[in-house]
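# Structural features, examined
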Amino acid sequence: MRKTKSIYRVFVALMAALVVAGWASTRAVADELDGPQAPAGAYNPPPSLIGQNAGFDLETPAEAGAKPIGSQYVLPLPQAVAPFPILLNQSVRRYVSDFLNYPDHLQDTFDRSHPYLPDMVRVLRSYGLPDDLVYLAFAESEFSKRGKGPWQFNSDTAKRFGLHIDNYVDERRDPVMSTKAAAEYLATLHDAAGDDWPVTLIAWNNGDRAIDRYWSLRGPNIEKFGNRLPRRTRGLLGRFMAVAYIAHHADSYGITPVKLDDPPAYQMLPVRGGTPLSRVALDHGTTLQRLHELNPALLRDIVPPYERSYSVRVPVETHASAEHVEF
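Anyway, here's the lowdown on the structure attached to this text.

Scoring rules and cut-offs
Residues numbered from 1 in each chain as written. Predicted model: local features only at pLDDT ≥ 70, side-chain atom pairs only at ≥ 80, totals over all residues. Heavy atoms only, no water. Helix = DSSP H or I, 4+ residues; strand = E, 2+ residues; numbered from the N terminus. Buried < 20%, exposed > 50% of the residue type's maximum accessible area, 1.4 Å probe, protein only. Contact = heavy atoms within 4.5 Å. Areas by Shrake-Rupley, 256 points an atom, 1.4 Å probe, with all protein chains shown as cover. Axes fitted to C-alpha atoms, helices over the stretch in contact; angles between N-to-C directions. Parallel < 35°, antiparallel > 145°, perpendicular 65-115°, else oblique. Left-handed = near helix turned anticlockwise from the far one by under 90°. Salt bridge = Lys/Arg side-chain N within 4 Å of Asp/Glu carboxyl O. Phe/Tyr/Trp six-rings, centres within 6.5 Å; stacked < 30°, edge-to-face > 60°. Lys NZ or Arg CZ within 6 Å of the ring centre and 35° of its normal. Expected span 1.5 Å × (residues − 1).

## So, the overall build of the protein chain
Check the secondary structure of the protein chain and you find 13 helices and two strands. Residues counted as buried form 36% of the 327 residues belonging to the protein chain. Partitioning the intrachain contacts of the protein chain with sequence separation of at least 6 by distance along the chain shows that 66% fall at a separation of at least 24. In the structure as shown, the protein chain presents an accessible area of about 20,500 Å², 55% of it carried by carbon and sulfur atoms.

Okay, here's the thing in structure tokens:
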């Protein structure tokens, strides 16, 4: 019995010694990592790592053999947008023939649009829309910069998508500004139409509610039952697809090829509100008429006086110095 108790006491003593040794070792490691203990109530800020290596040999993750980690915040590269589905049916062929009966008129339309097409197409691409939608402006207005402008927005829709209209400016008439509004509207309709482009353009021509009204025309049904559409809508779709088709085959029809990626023929300059356009023209070696051609949104011969700074297009061939930009 005494022998058993002795063994038990030795075992307890050994265990206690091991516990004490382990606690001391842990405290020593902690002291090495934490450094000297600060007096009670004192605050030691963390050491700065700027300009020093803090006692470690720094290396890049690649040098350490690490592999890159995919991040949910890194967006994928932009995907190519599928082209608009151009239908060359009997109706579209008739519009192609009508346009080609007056090739000079169509050429004039393309020429009017040429200075603005690169910027307009860039806007469409930024919204994930196909390039060919730029020809919808041709079908709407023959690319008119007067009245309601290339996209023929009514005032309510124009204001809904951020276009400003007053006695000094009508941004519906500006090809690039109005394209931004058109792109936003078309992208919204395209989502609501279940990514169906013909139904998107039906809604463009008839209003948002037309998506529900003509939902059955999605997909191949547009070919079968397209005669149910209003005449004006069938005409818009036919003209749009005909112009797009001709633009893609301009060489074959004796028309100057349409270039969508040329640099713009103008530069944007900030001009103080209330500045006469005649002064801008004089300072930049151009004419008042040319400024109005490049800035169709300006309704008067003066920059809107309520604007602190307003962007005005001037021809790129100008040789004015940069210090004369801001008036």
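## A few points about the packing of helix H8 (residues 197-206) against helix H11 (residues 231-248)
In the contact formed by H8 and H11, the axes pass within 10 Å of each other and the chain directions differ by 125°. Taken as axis vectors, H8 and H11 run oblique relative to one another. As H8 packs across H11, the resulting crossing turns out to be right-handed. Along the contact surface, H8 presents Leu201, Ile202, Trp204, Asn205 and Asn206, while H11 presents Arg232, Thr233, Leu236, Leu237 and Phe240.

## Brief notes about the pattern of salt bridges
Evaluated as defined, the whole model comprises seven salt bridges. With a closest N to O distance of 3.1 Å, Asp208 and Arg160 form a salt bridge. Of this pair, Asp208 sits in the loop between H8 and helix H9 (210-213) while Arg160 is found in helix H6 (residues 155-160), placing the two residues 48 residues apart along the sequence. The exposure class assigned to Asp208 is partly exposed, which follows from its relative accessible area of 33%. The partner of Arg172 in a salt bridge is Asp170, with the nearest N and O atoms 2.9 Å apart. The pair formed by Arg172 and Asp170 is uniform in burial state, with each residue classed as buried. Residues participating in the shared-partner salt-bridge network are Arg125, Asp131 and Asp261.

## As for the packing of aromatic side chains
Using the criterion set out here, one finds ten aromatic pairs in the structure. An angle of 40° between the planes, with centres 5.5 Å apart, marks the rings of Phe138 and Phe143 as tilted. Across the pair, Phe143 and Phe138 agree in class, each one buried. Through a chain of ring-to-ring contacts, three or more aromatic side chains come together here, namely Phe110, Tyr116, Tyr135, Phe138, Phe143 and Tyr266. Directly above the aromatic system of Tyr168 lies the positively charged group of Arg300, at a separation of 4.5 Å from the ring centroid.

## Let's talk about H11
In this model, H11 (18 residues) spans 26 Å end to end at C-alpha, consistent with the 26 Å of a helix rising 1.5 Å per residue. If you check which residues of H11 are buried, you get Thr233, Gly235, Leu236, Leu237, Gly238, Phe240, Met241, Ala242, Val243, Ala244, Ile246 and Ala247. The inward-facing, buried residues of H11 contact helix H2 (90-100), helix H3 (103-113), helix H5 (136-141) and H8.

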